[in-house]
Amino acid sequence: MNELTNKLQQVMVPKAALIAYEYHENHYGSGMHYLELRPINDRGRMEAAMPVTYEFMDSLVESYTDDRRNVPHGKIPANMLWCDTRKGHERYIWYNPPGKRQMFFAGSLNIPDGTFHVPGVIYKVSGDRLDIFSYKGEKPAENSPLFLAPFFNVTGSSVCLGNAALTPPEDMTFSKLLEYWEKRFWLSEFSHLGGNRNPTESNLVSVTEKARANPFDENELKPMNKQLKDLLA
């Protein structure tokens with residue numbers, strides 16, 4: 001049973017009603033407001049009203065602030081393609097141009113750790129899920145074809161995030177969000193073929209070893225019959 005199913009099966013019981021009043025133009029003044037709290041009993045009926053205390057409002061604001069503290073903010077990075085910060089709809093898409101990455105491998109693969117050339121990479125974060133794709137060229141356009149990411153630990157586009165233990169930053173800017181998810185992927189130990197399927201035209205072990213000293217061969221990329229604009233829809 002996942003967390004969402006568990007929440008849907010729980011019964012929510014009303015405990016109190018918060019009622020806001022506004023004074024109209026009269027001898028009390030203009031534009032004034034008053035808040036009262038009415039407890040709700042076990043029969044679902046409101047009881048006698050009581051004034052709202054500063055302690056109650058502080059607790060309410062603190063609860064809301066805690067729920068929103070991880071919402072990213074700040075300057076939008078130049079390589080970000082899409083961002084949606086709405087609660088329950090969180091989605092972030094960005095890219096890295098071709099370059100080099102430090103990579104770590106399980107001993108069973110017989111690939112020494114090191115720095116390797118990688119093709120252009122597109123990341124997509126939805127909630128707690130990371131998907132990764134590759135593309136050809138320096139910078140993707142909306143009609144750029146997508147290819148399977150030529151890495152271990154990836155099934156289709158879904159990433160097995162492995163064993164990289166990272167704590168999310170407290171002050172979550174957009175830049176820190178991208179850095180956090182990239183580290184979760186690249187600092188994990190690559191250990192297996194996702195779905196036991198080779199994501200490159202040649203054997204992934206030999207493709208990876210070749211990219212240690214040479215630019216990544218884009219001819220090794222397998223198409224996904226999908227374009228970047230499909231992710232941005």
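Structure first, text after, so check above.
Just so we're clear, the structure is a prediction, and the values are computed from it rather than from any experiment.

Caption draft 1: Inspection of unusual backbone geometry at higher detail. The backbone of Asn-110 shows a phi angle near 60 degrees, a positive value even though the residue is not glycine. Residue placement: Asn-110 occurs in the loop between β6 (99-105) and β7 (114-118). Notably, Asn-153 is not glycine yet its phi reads approximately 70 degrees, a positive angle. Within the secondary structure layout, Asn-153 lies in the loop between β10 (145-148) and β11 (154-155).

Caption draft 2: Structural detail: the pairing of β6. As paired strands, β6 and β7 are joined by five bridges and run antiparallel to one another. Note on β7: the bridge partner recorded for Lys-100 is His-117. By the bridge criterion, two bridges tie β6 to strand β13 (residues 189-190) in an arrangement that is parallel. Looking at the pairing, Phe-104 lines up with Glu-189 of β13.

Caption draft 3: Molecular detail of the nonpolar core. The biggest cluster of nonpolar side chains holds 30 residues, and the ones touching the most others in it are Ile-132, Phe-151, Phe-185 and Trp-186. Elements with a contribution of two residues or more to this core: β5 (91-96), β6, β7, β8 (120-126), β9 (129-135) and α3 (174-186). Among the elements that take part in this core, α3 stands out by supplying seven residues, more than any other. Setting aside its immediate chain neighbours within four residues, Phe-185 contacts Leu-130, Ile-132, Phe-151, Val-154, Val-159 and Phe-190. Of all hydrophobic cores here, the second largest spans 10 residues; its members include Tyr-95, Ile-122, Phe-133 and Leu-231.

Caption draft 4: Focus on the sheet that holds strand β2 (residues 33-39). In spatial order, the strands read β1-β2-β3; together these three strands make up an open sheet with antiparallel pairing. With partners counted over all chains shown, the strands left at the sheet margins are β1 (16-22) and β3 (50-51), one partner each.

Caption draft 5: Up close: a nonpolar patch on the surface. Together, Tyr-21, Tyr-23, Met-32 and Tyr-34 make up a nonpolar patch on the protein surface, roughly 360 Å² of accessible area in all. Residue position: Tyr-23 is located in the loop between β1 and β2.

Caption draft 6: Representation of the side chain of His-117. Residue position: His-117 is located in strand β7. Residue classification places His-117 among the buried residues on the basis of a relative accessible area of 17%. A polar contact of 2.9 Å, which involves the side chain of His-117, links it to the backbone oxygen of Asn-214.

About the cut-offs
Residues numbered from 1 in each chain as written. Predicted model: local features only at pLDDT ≥ 70, side-chain atom pairs only at ≥ 80, totals over all residues. Heavy atoms only, no water. Helix = DSSP H or I, 4+ residues; strand = E, 2+ residues; numbered from the N terminus. Pairing = 2+ DSSP bridges. Core = buried A, V, L, I, M, F, W, Y, C linked by side-chain atoms within 4.5 Å. Buried < 20%, exposed > 50% of the residue type's maximum accessible area, 1.4 Å probe, protein only. Contact = heavy atoms within 4.5 Å. Patch = residues over 30% accessible without salt bridge, like charges linked within 9 Å, V, L, I, M, F, W, Y side chains within 5 Å. Areas by Shrake-Rupley, 256 points an atom, 1.4 Å probe, with all protein chains shown as cover. Salt bridge = Lys/Arg side-chain N within 4 Å of Asp/Glu carboxyl O. Polar contact = N/O pair within 3.5 Å; in protein donor to acceptor, adjacent residues only side chain to side chain.

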